[in-house]
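Observations on the three-dimensional arrangement
Each chain, written out:
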Amino acid sequence: MSRFTGMVAEAVGDPTLADRTWVLLTEAVPGGWGLGGHANTNDELVAAARKQIAELREMAGDQ
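So, here is what we can say about the structure in this document. Remember, it's a predicted structure, so these values are computed and weren't measured experimentally.

1. Some thoughts on the overall build of the chain
From N to C terminus, the chain includes two helices and two strands. Moving toward the C terminus, one meets the helices and strands of the chain in the order α-β-β-α. Scored against the burial criterion, the 63 residues of the chain give a buried share of 11%. Surface exposure of the chain reaches about 5400 Å², of which carbon and sulfur atoms provide 56%.

Written out as structure tokens, the structure is:
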């Protein structure tokens, strides 16, 4: 992911943008996207995103 955020920051000429840029994967071919030696499926990516959203909402007090 850091490669993608770095590309965005480089494209706009602002290296500090990498610290506040998120890359959201909206689709992944099964077995085509891996992290830590595991090829993630769309269902796993959706579940991870929902978990992260829930955690952020809980931290912000928005339940």
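Having seen the model, we can carry on.
2. Focus on a nonpolar patch on the surface
There is a patch of nonpolar side chains on the surface, built from Trp22, Leu56 and Met59 and spanning about 420 Å² of accessible area. Considering the arrangement of structural elements, one finds Trp22 in the loop between helix 1 (2–12) and strand 1 (33–35). Take Trp22: its relative accessible area is 67%, and that puts it in the exposed class.

3. A word on the environment of Asp14
Along the chain, the position of Asp14 falls in the loop between helix 1 and strand 1. On the accessibility criterion, Asp14 (25% relative accessible area) is partly exposed. Beyond its immediate stretch of four places on either side in the chain, Asp14 contacts Ala9 and Arg20. A polar contact of 2.5 Å, which involves the side chain of Asp14, links it to the side chain of Thr16.

4. Here's the deal with the environment of Asp19
Following the sequence through the fold, Asp19 ends up in the loop between helix 1 and strand 1. Since its relative accessible area comes to 72%, Asp19 is described here as exposed. For the pair formed by Asp19 and Gly6, sequence separation is 13 residues and the distance between their alpha carbons is 9.2 Å.

5. Re helix 2 (residues 42–60)
Relative to the 27 Å expected for 19 residues at 1.5 Å per residue, helix 2 spans 27 Å between its end C-alpha atoms, a close match to the ideal helical length. One or two residues past the end of helix 2 sits Gly61, with phi positive at roughly 80°.

6. As for the pattern of salt bridges
According to the stated counting rule, one finds one salt bridge in the structure shown. The closest approach of N and O atoms between Arg20 and Asp14, which form a salt bridge, is 3.4 Å. Take Arg20: its relative accessible area is 52%, and that puts it in the exposed class.

The rules behind the values
- Residues numbered from 1 in each chain as written.
- Predicted model: local features only at pLDDT ≥ 70, side-chain atom pairs only at ≥ 80, totals over all residues.
- Heavy atoms only, no water.
- Helix = DSSP H or I, 4+ residues; strand = E, 2+ residues; numbered from the N terminus.
- Buried < 20%, exposed > 50% of the residue type's maximum accessible area, 1.4 Å probe, protein only.
- Areas by Shrake-Rupley, 256 points an atom, 1.4 Å probe, with all protein chains shown as cover.
- Patch = residues over 30% accessible without salt bridge, like charges linked within 9 Å, V, L, I, M, F, W, Y side chains within 5 Å.
- Salt bridge = Lys/Arg side-chain N within 4 Å of Asp/Glu carboxyl O.
- Contact = heavy atoms within 4.5 Å.
- Polar contact = N/O pair within 3.5 Å; in protein donor to acceptor, adjacent residues only side chain to side chain.
- Expected span 1.5 Å × (residues − 1).

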